[in-house]
Amino acid sequence: MSAREVNFDGLIGPTHNYGGLSDGNLASSRNAGDVSNPREAALQGLEKMRTLLRAGLTQGVLPPLPRPNFDLLVSAGFSGSDRQIIEQAAAQAPRLLKIAYSASSMWTANAATVSPSADTQDGRLHLTAANLSTMLHRSLEHPDTTASLQAIFGDDRHFAVHAALPMHADFADEGAANHVRLCATHGAPGVELFVYGRDAGESIAGYPSRQARLASESISRGHGLAPGRSVFARQSAEAINAGAFHNDVVCVGTADTLFFHEAAFEDTAATLDRLRKASDGLFDLKSVMVPAAEVPLEDAIRSYLFNSQLLVVPGESRLVLVAPSEVQDTESTRAYCERLISGNGPIGRVDYVDVRQSMRNGGGPACLRLRVVMTDAEIAACHQAVLLTEDRIDALQAVVRTAYRDRLAPEDLADLSFADECRIAREALLDVLELEELA
Ligand code: SUG
């Protein structure tokens, strides 16, 4: 069966701000309290989508979630009108207000884990919304994310949308950021690599490890994957404690190629061995391991070299890496990329994109997209208006230019008119995407 990879990017919402909310995410901590520019952030994201569309790829988008999240503030005991709730929260619980306002759903690599129909027992495309239970601001996303996924992938002859796993540390799940699908071609059966940071019940010192093995196993079972085609590998504690809070900060893969840092996995040899066994008869795994001697782990994490999109581009014989411009600004990663493309390995080109507003919260090009491998019939069966054209990107950018602020400081969240502004902006975006039902 032929299939394409459709990237569903998160449309960056009007509340994009630097809340310093994610322990273990060095960029989020470093930039906490800075003034953000939501308009520039959203325009950067949309330009990245345009770049991929122009390269001949199918590009989708997921709308921002409603923010502020009043349910959270009400759960925390605030009551009255929306304005009263914000006023009280600003005075008594400013951190909680930041959490309620977080635009973190932009990082759609954490929205869900996706298994294409070629891999599943019932021949449907399966998506499980991530519970994101480790960080409070992210744990709020899954009910609305599930609603968005149901609105887009509602046809149950083709799609199965699963609700998030139970909200407990033993089931902690961060979605596709800890999942890599490898295959000969997108439409062929593949091998799914699930990367976890700890076992259920295990508590370890250091930065939080956000993915529990039980969550990965539950998703593999729930999606009906063939047991021999799922591989579970442990992320190294060294990587987590150096700031790789998701595996996609140190690893990316597509088709038959896995591109990763030497320190990504607890046991690299065993991981590769298991991947080779699982892919036996399907494809020959190509592994591109970047040694610490060439790119120190610290540079890989600062530049986000591996948080790039690795793409099969129509008309290109080798894979294309769409990397953040920070990779170009970092000596070791720039030099590595030059050597990479001049060699004869599977990656033939590196393109750079500017997503600096998102990067300052620890979200690179790969965080901003959810990969969904789809057949033509599945593409035809999903909600069409989220599949982008140049005109639709123009229309979304027009909304962003008129309805988004270009400056958002922490104290602005207390501004009583801001919540109304955000609702109006989101409704205008939903209008363009013909998703008014989510308003
Ligand atoms: O979960 N940052 C996100 C970044 C997610 C990146 N995603 C992937 N690697 N796939 C996170 O840590 C920071 C928000 C703040 O501090 O305001 C934040 O949530």
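Reading the values: the criteria
- Residues numbered from 1 in each chain as written.
- Predicted model: local features only at pLDDT ≥ 70, side-chain atom pairs only at ≥ 80, totals over all residues.
- Heavy atoms only, no water.
- Axes fitted to C-alpha atoms, helices over the stretch in contact; angles between N-to-C directions.
- Helix = DSSP H or I, 4+ residues; strand = E, 2+ residues; numbered from the N terminus.
- Parallel < 35°, antiparallel > 145°, perpendicular 65-115°, else oblique.
- Contact = heavy atoms within 4.5 Å.
- Nonpolar A, V, L, I, M, F, W, Y, C, P; charged D, E, K, R; others polar.
- Near = heavy atom within 4 Å.
- Polar contact = N/O pair within 3.5 Å; in protein donor to acceptor, adjacent residues only side chain to side chain.
- Areas by Shrake-Rupley, 256 points an atom, 1.4 Å probe, with all protein chains shown as cover.
- Pairing = 2+ DSSP bridges.
- Expected span 1.5 Å × (residues − 1).
- Buried < 20%, exposed > 50% of the residue type's maximum accessible area, 1.4 Å probe, protein only.
- Arc of directions from axis to C-beta.
- Salt bridge = Lys/Arg side-chain N within 4 Å of Asp/Glu carboxyl O.
- Phe/Tyr/Trp six-rings, centres within 6.5 Å; stacked < 30°, edge-to-face > 60°.
- Lys NZ or Arg CZ within 6 Å of the ring centre and 35° of its normal.

Peer 1: Tell me about the packing of helix H16 (residues 390–403) against helix H17 (residues 418–432), and name the residues and values.
Peer 2: Packing of H16 against H17 brings their axes to within 10 Å, and their N-to-C directions diverge by 170°. Judged by the inter-axis angle, H16 sits roughly antiparallel to H17. Judged by residue contacts, Arg392, Ala395, Leu396, Val399 and Ala403 of H16 engage Ala425, Ala428, Leu429 and Val432 from H17. Looking at the contact of H16 with H17 residue by residue, the class counts come to eight nonpolar, no polar and one charged.

Peer 1: I'd like a description of the site of the ligand, backed by residues and values.
Peer 2: Around the ligand lies a shell of 21 residues, among which Leu21, Ser22, His137, Asp248 and Cys367 are the nearest. Interatomic distance of 3.0 Å between a backbone N/O atom of glycine 20 and an oxygen atom of the ligand. Serine 28 places a side-chain nitrogen or oxygen 2.8 Å from an oxygen atom of the ligand. Considered on its own, the ligand offers 490 Å² of accessible surface; in the complex 99% of this is hidden by protein. Partitioned by chemical class, the residues of the shell around the ligand number seven nonpolar, 11 polar and three charged.

Peer 1: How would you summarise the sheet that holds strand E5 (residues 159–162) if you had to cite specific residues and measurements?
Peer 2: As a general point, the strands of a sheet are linked pairwise by backbone hydrogen bonds and lie either parallel or antiparallel. Overall, mixed pairing links the three strands, which are arranged E3-E4-E5 in an open sheet. Of all strands in the sheet, those with a lone pairing partner are strand E3 (112–115) and E5, marking the two edges. On average, each strand axis in the sheet is tilted by 15° relative to the strand beside it, whichever way the strands run. Two strands pair when backbone bridges link them, and E3 and strand E4 (residues 125–129) are joined in this way by four bridges, in the antiparallel orientation.

Peer 1: Can you break down helix H13 (residues 331–342) residue by residue, with the values?
Peer 2: Look at H13: 17 Å from first C-alpha to last across 12 residues, which is about the 16 Å you get at 1.5 Å a residue. Every buried residue belonging to H13 is among Ser332, Thr333, Tyr336, Cys337 and Leu340, and all of these are buried. Buried positions in H13, seen along its axis, are confined to an arc of 130° and lie on one side of it. Summarising the geometry of H13, the exposed residues directed more than 90 degrees from the buried face are Glu331 and Ser342. Next to the buried residues of H13 lie strand E10 (257–261), strand E11 (286–290), helix H11 (297–303), helix H12 (325–329) and strand E14 (347–353).

Peer 1: Residues and numbers for the pattern of salt bridges, please.
Peer 2: What the rule picks out here adds up to 34 salt bridges. Its salt-bridge partner being aspartate 34, residue arginine 360 comes within 2.7 Å of it at the nearest N-O pair. With arginine 360 in the loop between helix H14 (356–359) and strand E15 (369–375) and aspartate 34 in the loop between helix H1 (26–30) and helix H2 (38–54), this residue pair connects regions lying 326 residues apart in the sequence. Residue arginine 360 is classed as partly exposed on the basis of its relative accessible area of 28%.

Peer 1: Talk me through the packing of aromatic side chains; I want residue IDs and the actual numbers.
Peer 2: Enumeration according to the criterion identifies seven aromatic pairs in this entry. For the ring pair phenylalanine 259 and tyrosine 336, a centre distance of 6.4 Å and an interplane angle of 25° mean the geometry is stacked. Of this pair, phenylalanine 259 sits in strand E10 while tyrosine 336 sits in helix H13, and the two are 77 residues apart along the sequence. Linked through ring pairs, Phe8, Phe153 and Phe159 together constitute an aromatic cluster. The side chain of arginine 360 reaches across the aromatic face of tyrosine 18, ending 4.9 Å from its centre.

Peer 1: Break down the packing of helix H4 (residues 82–92) against helix H5 (residues 94–101) for me, with residues and values.
Peer 2: Here H4 crosses H5 at 130°, and the two axes come no closer than 5 Å. Between H4 and H5, the angle falls in the class oblique. Counted together, Ile86, Ala89, Ala90, Ala91 and Gln92 of H4 and Pro94, Leu97 and Tyr101 of H5 form the full contact between these two elements. Residue composition of the contact of H4 with H5, by class: seven nonpolar, one polar and no charged.

By themselves, these figures tell us nothing about what the structure is for.
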